[in-house]
Amino acid sequence: MNQGPFGRVAAAMITPFTDSGALDEVGAGRLATHLVDRGGCDALVVNGTTGESPTTTDEEKLTLLRAVVEAVGDRATVTAGVGSASTVHTVALARACEQAGADGLLIVTPYYSRPGPEAVAHHLATVADATSLPVLLYDIPSRTGENTALTADTLRTLAEHPRIAGVKDCAHDLLKTGSVLADTGLAYYAGCDEEILPLRAIGAAGCVSTVAGVAGGLVREMLDAFDAGDLDGARKRHHALAPLVGALQSAPGTVTLKAIHRAAGLPGGPVRGPLLPADETLTAELVAAFRQANA
């Protein structure tokens, strides 16, 4: 399978903060370099939910994006999250991210206002019209509400837009995913780590992954094995990653990733409220799962 427009193994990158809670621009560059040069990732997604986008300002988002783009250069694809509940705000942030050097845009369906399918499609197409960048739609009804979930028909319609290129799939609906993959040219990316291999098996281009933030090389090995026809090897790697995936999902991904980063001496820093940091027990469990996966 060819690499998709947003890379293949994309880490859903955390946003590093200093001990005082300010944006750690230097740390962000260091972390991005680590993930790309030593962490097995060929792509990064910044300013997503894992990057604490609900609690960072637009100025912080753009500063982070510039730092990451400068750090990785052309060695990785950098996609910027720009989604919000406001069409005007999302358009403005999309244009600013294009100017700041993003290679693509991640746009979540608009939440809270409960727009119907037609309004959701109009919102997403309006943002896609605003820049020249490829768009990755984010389908995650558990966070945005079932009312704003992307239906198969909506996805088929949006696939006709020249800049809507893919879907980050957190819908847990294999029937819908398979149907849209069969009917469109959209590049699908598993947004739930336990589904990376299953979705690859039905035609996904790759993943936007939390676990890739600490084990991107293992994710890449799993996909490499599958693409080489080594199905048994791919399954073994999938099962070996499962305990770490489960540990990371025991709290919000931001919390669990930052706990492992802290233990490993990588940039991360505190989380912002309303999130709370991992306690000692959870941190120990996360570190044990990380070491087991890398044994």
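This structure is a prediction, so every number in the text was calculated from the model and none was measured.

Trainee: Residues and numbers for the pattern of salt bridges, please.
Mentor: On inspection of all chains with the given rule, the structure shows 14 salt bridges. The partner of Asp227 in a salt bridge is Arg8, and the shortest N-O contact between them spans 3.1 Å. Taken as a pair, Asp227 in helix α9 (residues 212-227) and Arg8 in the segment before β1 (9-12) lie far apart in primary sequence, 219 residues in all. On the accessibility criterion, Asp227 (33% relative accessible area) is partly exposed. In this structure Arg8 comes out as buried when scored by relative accessible area, which is 13%.

Trainee: Please give an account of the environment of Thr77 that cites residues and values.
Mentor: For Thr77, the position within the fold is in strand β3 (residues 77-81). A relative accessible area of 18% means that Thr77 is categorised as buried. With 81 residues separating them in the primary sequence, Thr77 and Leu158 have C-alpha atoms 23 Å apart. Apart from the residues lying within four places of it in its own chain, the contact partners of Thr77 are Pro5, Phe6, Gly7, Asp42, Ala43, Leu44 and Asp103.

Trainee: Requested: an account of the UniProt feature "binding site: pyruvate" (unreviewed entry) in the chain, with residues and values cited.
Mentor: Per the UniProt record, the feature "binding site: pyruvate" (unreviewed entry) sits at Thr50 and Val208. The named residues occupy 159 residues along the chain; their greatest pairwise C-alpha distance, 10.7 Å, places them in one compact cluster. Take Thr50: it is sitting in the loop between β2 (43-46) and α2 (58-72). What makes Thr50 buried here is its relative accessible area of 13%. By the secondary structure assignment, Val208 is in strand β8 (residues 206-209). Sequence-distant contacts of Val208, defined by excluding residues within four places in its chain, comprise Ala10, Ala12, Val45, Leu136, Lys168, Tyr189, Ala190 and Gly191.

Trainee: Can you explain the pairing of β8? Please cite residues and give values.
Mentor: With burial as the criterion, each face of β8 is covered, one bearing Gly206 and Val208 and the other bearing Cys207 and Ser209. Summarising the sheet, β1 and β8 pair through 3 bridges and their orientation is parallel. Along β8, the bridge assignment pairs Val9 with Cys207. When strand β7 (residues 187-190) meets β8, the two strands line up parallel, connected through 2 bridges. Bridged to Tyr189 within β8 is Gly206. Regarding the hand of the β-α-β motif, the stretch spanning β7, helix α8 (residues 196-201) and β8 is right-handed.

Trainee: Lay out the packing of helix α3 (residues 87-99) against helix α4 (residues 117-129) with the relevant residues and their values.
Mentor: One way to put it is that α3 packs onto α4 with a least axis distance of 9 Å and a crossing angle of 25°. Classed by the angle they form, the pair α3 and α4 counts as roughly parallel. Judged by the twist between their axes, the crossing of α3 over α4 is right-handed. Within the contact between the two elements, α3 uses Thr87, Thr90, Val91 and Ala94 and α4 uses His123, Thr126 and Val127.

Trainee: Pulling in residues and values, what's your account of unusual backbone geometry?
Mentor: A cis amide bond links Gly273 with the next residue in sequence, Pro274, at an omega value of 20°. Positionally, Pro274 belongs in the loop between α11 (253-264) and α12 (280-293). A positive phi is found at Arg114, a non-glycine position, where the angle reads about 60°. On the secondary structure map, Arg114 appears in the loop between β4 (104-108) and α4. Phi is positive for His172, which is not a glycine, with a value near 55°. Tracing the sequence through the fold places His172 in the loop between β6 (164-169) and α7 (174-183).

Conventions used here
- Residues numbered from 1 in each chain as written.
- Predicted model: local features only at pLDDT ≥ 70, side-chain atom pairs only at ≥ 80, totals over all residues.
- Heavy atoms only, no water.
- Salt bridge = Lys/Arg side-chain N within 4 Å of Asp/Glu carboxyl O.
- Helix = DSSP H or I, 4+ residues; strand = E, 2+ residues; numbered from the N terminus.
- Buried < 20%, exposed > 50% of the residue type's maximum accessible area, 1.4 Å probe, protein only.
- Contact = heavy atoms within 4.5 Å.
- UniProt positions renumbered as here; feature names shortened; annotations may be inferred.
- Pairing = 2+ DSSP bridges.
- Right-handed = clockwise from strand over helix to strand, strands pointing away.
- Axes fitted to C-alpha atoms, helices over the stretch in contact; angles between N-to-C directions.
- Parallel < 35°, antiparallel > 145°, perpendicular 65-115°, else oblique.
- Left-handed = near helix turned anticlockwise from the far one by under 90°.

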